[in-house]
There are 2 protein chains.
Amino acid sequence: MDIIEGIMTRRSIRHFTGELISDEQLDTMLRAGFQAPSAHNCQPWEFIVLRDKEKLKHIKEFHKYAKMIEDAGTAIVVCGDKNRQERIGFLVSDTSAAIQNMLLTAHGLGLGAVWCGIYDQPSLVDNFTEILNLPENILPIGMVVVGNKIKDRSIQDRYDENKIHYDAW
Amino acid sequence: MDIIEGIMTRRSIRHFTGELISDEQLDTMLRAGFQAPSAHNCQPWEFIVLRDKEKLKHIKEFHKYAKMIEDAGTAIVVCGDKNRQERIGFLVSDTSAAIQNMLLTAHGLGLGAVWCGIYDQPSLVDNFTEILNLPENILPIGMVVVGNKIKDRSIQDRYDENKIHYDAW
């Protein structure tokens, strides 16, 4: 798939066949996450791959936008290491770029994926910290839920010329 | 360019020929920014295209990592609208995904680009707010500097298996 076509046509996918993605597809997605840019090249990300059925079921109970997680079968929680990047704004930016790389890679592989937000929703941060046994310096930022999609979604053009400004507001 | 190849080979580019990118290339990059996912589909981004030579020169004076901005000739400051997304964490995530889409698009177009961080460095936020005349609800998050690159950079493989965890930390 062409990179610009992929960026323009990616949609959030929330309906899955139940068939797991392959280990090779998972590896490609993780590698894409690592290739994101980061402030001062700190690379402050950590990736937690979730496939344990009990954990997925548990997440479904406390994350109201992750109801599809069991059908998808695979989730990747992307965390930021506050010891590597002390500025939370940069930490969120770096990990979010990693997540976007992973979503685009899933699309390029013909998979479906959706970004479920975690930070800065305090109850979600607390719940993920607890069930993943995260150390104090590791902040869960977002979760990519990925699987084989039932069908494609139509392209949504979000272009809005009112949001483009030249040389000042 | 293939989407996965593009994600794996993109590098930050800081050396430019001085020739401006075309209006069509700029338009493609902006359209890519709009196609990012956002929490609850709020689409809280705003894009400020900078080409005014005086403004670029001014930015160079206060942003120590933007010394290449005059050679590049074009910068896009990506801002978040706090009235559309009240959670700063989500606002930073959404706008960062838009920035990553734009960086990848520049790479796909054969251009060079680099992400210069703004939020959450208070002095940079204040300086951009002032020179761009931003209203109170508009937060500058990051700036994409883009131009025609002098040469490609070699691929950097950032993969680190120590940063991958399975089912828990």
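S.K.: Before we go on, may I ask you to explain the overall build of chain A in this structure?
M.R.: When helices and strands are tallied, chain A shows six helices and five strands. Secondary structure elements of chain A occur, N-terminal to C-terminal, as α-α-β-α-α-β-α-β-α-β-β. For chain A, whose C-alpha radius of gyration is 16 Å, the value lies close to the compact-globule estimate of 15 Å for 169 residues. When its C-alpha atoms are laid out on the principal axes, chain A stretches across 50 × 40 × 30 Å. The 169 residues of chain A split such that 53% are buried. In chain A, the proportion of contacts linking residues at least 24 apart, taken out of those at least 6 apart, comes to 78%.

S.K.: Help me out: how do you make sense of the interface of chain A and chain B in this one?
M.R.: Opposite the 62 residues of chain A that make contact, chain B presents 62 residues. Sorting the residues of the side of chain A that touches chain B by element identifies helix H1 (3–9), helix H2 (23–34), strand S1 (45–50), helix H5 (88–108), strand S3 (112–117), strand S4 (138–147) and strand S5 (164–166) of chain A as the ones contributing at least two each. Examining the composition of the side of chain A that touches chain B, we find that 13 residues originate from one element, H5 of chain A, more than from any other. Of the residues contributing to the side of chain A that touches chain B, the split by class is 33 nonpolar, 16 polar and 13 charged. Where S5 of chain A and strand S1 (residues 45–50) of chain B come together, three bridges link them in parallel fashion. For Tyr166 of chain A, the partnering residue across the bridge sits in S1 of chain B and is Val49 of chain B.

S.K.: So what exactly am I meant to see when it comes to the sheet that holds S3 of chain A here?
M.R.: Across the sheet, which stays open at both edges, the five strands sit in the order S3(A)-S4(A)-S2(A)-S1(A)-S5(B) with mixed pairing between neighbours. Both edges of this open sheet fall to S3 of chain A together with strand S5 (164–166) of chain B, since each of them pairs with a single strand only. Averaged over neighbouring strand pairs, the angle between their axes works out to 25° when direction is ignored. Contacting S1, strand S2 (74–81) and S4 of chain A together with S5 of chain B, H2 of chain A crosses the sheet at an angle of about 160° to S1 of chain A.

S.K.: Can you help me understand the relation of the copies chain A and chain B in this one?
M.R.: Each of the two chain copies goes to the other by way of a rotation about an axis and a shift along it. Between the two copies, chain A and chain B, the superposition gives an RMSD of 0.0 Å; the rotation angle is 180° and the shift along the axis is 0.0 Å. Given the turn and translation reported, the copies of this chain are related as if by a two-fold rotation axis. Minimal C-alpha separation from the rotation axis in chain A is found for Ile3 of chain A, amounting to 1.9 Å.

S.K.: Would you take a moment to explain the nonpolar core for this structure?
M.R.: Soluble globular proteins tend to bury their nonpolar side chains together. In this structure, Val144 and Val145 of chain A together with Val144 and Val145 of chain B are the most contacted members of the largest nonpolar core, which totals 113 residues. Sequence-distant contacts of Val144 of chain A, defined by excluding residues within four places in its chain, comprise Ala75, Ile76, Val78, Ile99, Met102, Leu103, Ala113 and Trp115 of chain A.

S.K.: Where do I start with the pairing of strand S2 (residues 74–81) of chain B in this structure?
M.R.: For a regular strand, the rule is simple: side chains alternate between the two faces of the sheet. Residue and element names in this part refer to chain B. For S2, the tally of buried residues reaches seven of eight residues, placing the bulk of the element in the interior. Two elements, S2 and strand S4 (residues 138–147), share eight bridges in a ladder whose sense is antiparallel. Each bridged residue has a counterpart across the sheet, and for Cys79 the counterpart in S4 is Pro140.

S.K.: Looking at this model, I keep getting lost on the confidence of the model for chain A. Mind explaining?
M.R.: In the predicted model, chain A carries a mean pLDDT of 98, and 100% of its residues have values of at least 70. Among the prediction metrics, the complex's ipTM stands at 0.98, with pTM recorded as 0.99.

S.K.: Explain unusual backbone geometry here, please?
M.R.: Negative phi values dominate among residues other than glycine, just as trans dominates among peptide bonds. Residue and element names in this part refer to chain A. Tyr119 connects to Asp120 through a cis peptide bond whose omega is 5°. With respect to the helices, strands and loops of the structure, Asp120 is situated in the loop between S3 and helix H6 (122–131). The phi dihedral of His40 is positive, around 55°, even though this residue is not glycine. Positioned with a positive phi, Asp167 is a non-glycine residue whose angle comes to about 70°.

S.K.: Help me out: how do you make sense of the sheet that holds strand S3 (residues 112–117) of chain B in this one?
M.R.: Across a sheet, paired strands are connected by hydrogen bonds in the backbone, their directions being either parallel or antiparallel. Strands sit in the order S5(A)-S1(B)-S2(B)-S4(B)-S3(B) across an open sheet of five strands; the sheet is mixed. Pairing within the sheet leaves two strands with one partner each, and these edge strands are S5 of chain A together with S3 of chain B. Strand after strand, the sheet turns through a mean of 25° between neighbouring axes, direction not considered. Where S3 of chain B meets S4 of chain B, six bridges bridge the pair, whose relative direction is antiparallel. Paired with Val114 of chain B across the strands is Val145 of chain B, a residue of S4 of chain B.

Quick notes on the rules
- Residues numbered from 1 in each chain as written.
- Chains lettered and ligands numbered in written order.
- Predicted model: local features only at pLDDT ≥ 70, side-chain atom pairs only at ≥ 80, totals over all residues.
- Helix = DSSP H or I, 4+ residues; strand = E, 2+ residues; numbered from the N terminus.
- Rg over C-alpha atoms; globule rule 2.2 N^0.38 Å.
- Buried ≥ 20, exposed ≤ 12 C-beta atoms within 10 Å, placed from the backbone.
- Contact = placed C-beta atoms within 7 Å.
- Nonpolar A, V, L, I, M, F, W, Y, C, P; charged D, E, K, R; others polar.
- Pairing = 2+ DSSP bridges.
- Axes fitted to C-alpha atoms, helices over the stretch in contact; angles between N-to-C directions.
- Least-squares fit on C-alpha atoms with pLDDT ≥ 70 in both.
- Core = buried A, V, L, I, M, F, W, Y, C linked by C-beta atoms within 7 Å.
- pLDDT = per-residue confidence, 0-100.

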